[in-house]
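# Architecture and fold: a report
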Amino acid sequence: MRIGVLALQGDFALHEEALARLGVDSAEVRRPTELDAVDGLIIPGGESTTLLTLMKASEFVPALEKFHASGRPMFGTCAGLIVLAREVVNPEQFSLGFIDVTVERNAYGRQRESFESEGEATLDGSPRPLKMVFIRAPRIRRLGPAVSRLASHGGECVMARQGTVVVAAFHPELTEDPTVHRYFASLVKAER
Ligand code: GLN
């Protein structure tokens, strides 16, 4: 099993390190054809507008549609969540629409641009505390009926899943806790 990390922009290297700590093989994906060699894909945080420009320039949109249709799992963090959402506001922008949520970009305001806090995740049946790092993070404002909540912060959903698509508003690659990457890796393994 090998998990791809979209390496067009943003903090993809830290996701590779997090996977390596779990003993999971990873590969940087810079061209659509490289998707053929991976069983799942992480879309890292960064700047969603820049990410979209780069994705469109290299024909990633149809390739990711095919990837998603093939049943291989995808995990988007922060800007990755924005790119995977059904609807984006503040401002409105194009997105892939693979998970039925509405996200508001940069929704924590100036004073709280970046912060670390504790939330709660329910990834393996029982809820447990999880350290979360938010960087100019989006907020999930609406969850469609087919979307389940995997983690909360201050009562709000900050991690969600619809089928093979997982999203988080925070950055699990910036903490030592392997829980979130382990969760995604086991999803990828189960779908192979
Ligand atoms: N603020 C960024 C955006 O709107 C996301 C920030 C991040 O990925 N850390 O695209």
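Bear in mind the structure is a predicted one, so any value in this text is a computation, not a measurement. The numbers attached to residues start from 1 for each chain and follow its sequence in the written order. Only residues with pLDDT of at least 70 get local features here, since the model is predicted, and only at 80 or more are side-chain atom pairs given and counted; chain-wide, interface and lining totals rely on the full set of residues. To get the side-chain values, all heavy atoms of the structure are used, and hydrogens and water are removed first.

### Here's the deal with the environment of Lys 66
As a reminder of what qualifies: Starting at the N terminus, helices and strands are each numbered in turn, a helix being any DSSP run of H or I of at least four residues and a strand any DSSP run of E of at least two.
For Lys 66, the location among the structural elements is in helix H3 (residues 60-69). In this structure the C-alpha to C-alpha distance between Lys 66 and Leu 41, which are 25 residues apart in sequence, comes to 13 Å.

### Quick word on the packing of aromatic side chains
Going by this rule: Pairing of aromatic rings covers Phe, Tyr and Trp, the last through its six-membered ring, and needs centres within 6.5 Å; plane angles under 30 degrees mean stacked, over 60 mean edge-to-face, and all others mean tilted. For every residue, the accessible area (1.4 Å probe, protein chains only) is compared with the maximum for its type, and the residue is labelled buried under 20%, exposed over 50%, or partly exposed between those bounds.
This model, assessed by the stated rule, comprises five aromatic pairs. Ring centres 5.5 Å apart and planes at 40° place the aromatic pair Phe 75 and Phe 184 in the tilted group. Residue Phe 75 is found in strand E4 (residues 74-77), and its partner Phe 184 is found in helix H5 (residues 179-191); the two are separated by 109 residues along the sequence. By relative accessible area, Phe 75 is classed as buried at 0%. Between Tyr 108 and Phe 115, the aromatic rings sit 5.2 Å apart at their centres with planes inclined by 65°, giving edge-to-face as the arrangement. Both residues of the pair, Tyr 108 and Phe 115, belong to the buried class. These aromatic residues form a ring-pair network of at least three members: Tyr 108, Phe 115, Phe 134 and Phe 170.

### Structural notes on the site of the ligand
Operational definition: Proximity is defined per residue: any heavy atom of the residue falling within 4 Å of a molecule or strand makes that residue near it. In protein, a polar contact requires one atom able to donate a hydrogen and another able to accept it; more generally it is a pair of N or O atoms within 3.5 Å, and residues adjacent in sequence count only if both atoms are side-chain atoms. Areas reported here follow the Shrake-Rupley algorithm with a probe of radius 1.4 Å; residue values treat only the protein chains shown as occluding. By the convention adopted, Pro, Cys, Tyr, Trp, Phe, Met, Ile, Leu, Val and Ala count as nonpolar, Lys, Arg, Asp and Glu as charged, and the other residues, Gly among them, as polar.
The environment of the ligand is formed by Gly 45, Gly 46, Glu 47, Ser 48, Cys 78, Ala 79, Ile 82, Arg 105, Asn 106, Ile 135, Arg 136 and His 171. The contact in question runs from an oxygen atom of the ligand to an N or O atom on the backbone of Gly 46, over 2.9 Å. Here an oxygen atom of the ligand sits 2.7 Å away from a polar atom, N or O, in the side chain of Ser 48. When the free accessible area of the ligand is taken as 300 Å², the share hidden by the protein chains comes to 96%. Taken together, the residues of the shell around the ligand break down into four nonpolar, five polar and three charged.

### Comments concerning the nonpolar core
Selection rule: Residues grouped as a nonpolar core are buried Ala, Val, Leu, Ile, Met, Phe, Trp, Tyr and Cys residues, joined through side-chain atoms within 4.5 Å. Contacts: residue pairs with any heavy atoms within 4.5 Å of one another.
Leu 41, Met 55, Leu 64, Leu 84, Phe 134, Met 159 and Phe 170 are the most contacted members of the largest nonpolar core, which totals 63 residues. With six residues, H5 is the single largest residue contributor to this core. Look past the residues within four positions of Met 55 in its chain and what remains in contact with it is Leu 6, Leu 8, Phe 60, Val 61, Leu 64, Val 83 and Leu 96.

### Description of helix H2 (residues 48-57)
The following threshold applies: By arc we mean the arc of the directions from the helix axis to the C-beta atoms, nothing more.
Every buried residue belonging to H2 is among Ser 48, Leu 51, Leu 52 and Met 55, and all of these are buried. Down the axis of H2, the sector holding all buried residues measures 100°, keeping them to one side. Across from the buried face of H2, at angles greater than 90 degrees, the exposed residues are Thr 53 and Ala 57. Turning to H2, the residues buried within the fold contact strand E1 (2-6), strand E3 (40-43), H3 and helix H4 (79-84). A positive backbone phi angle near 60° is found at Glu 59, which sits one or two residues after H2.

Remember that the coordinates give geometry; whether it matters functionally is a separate question.
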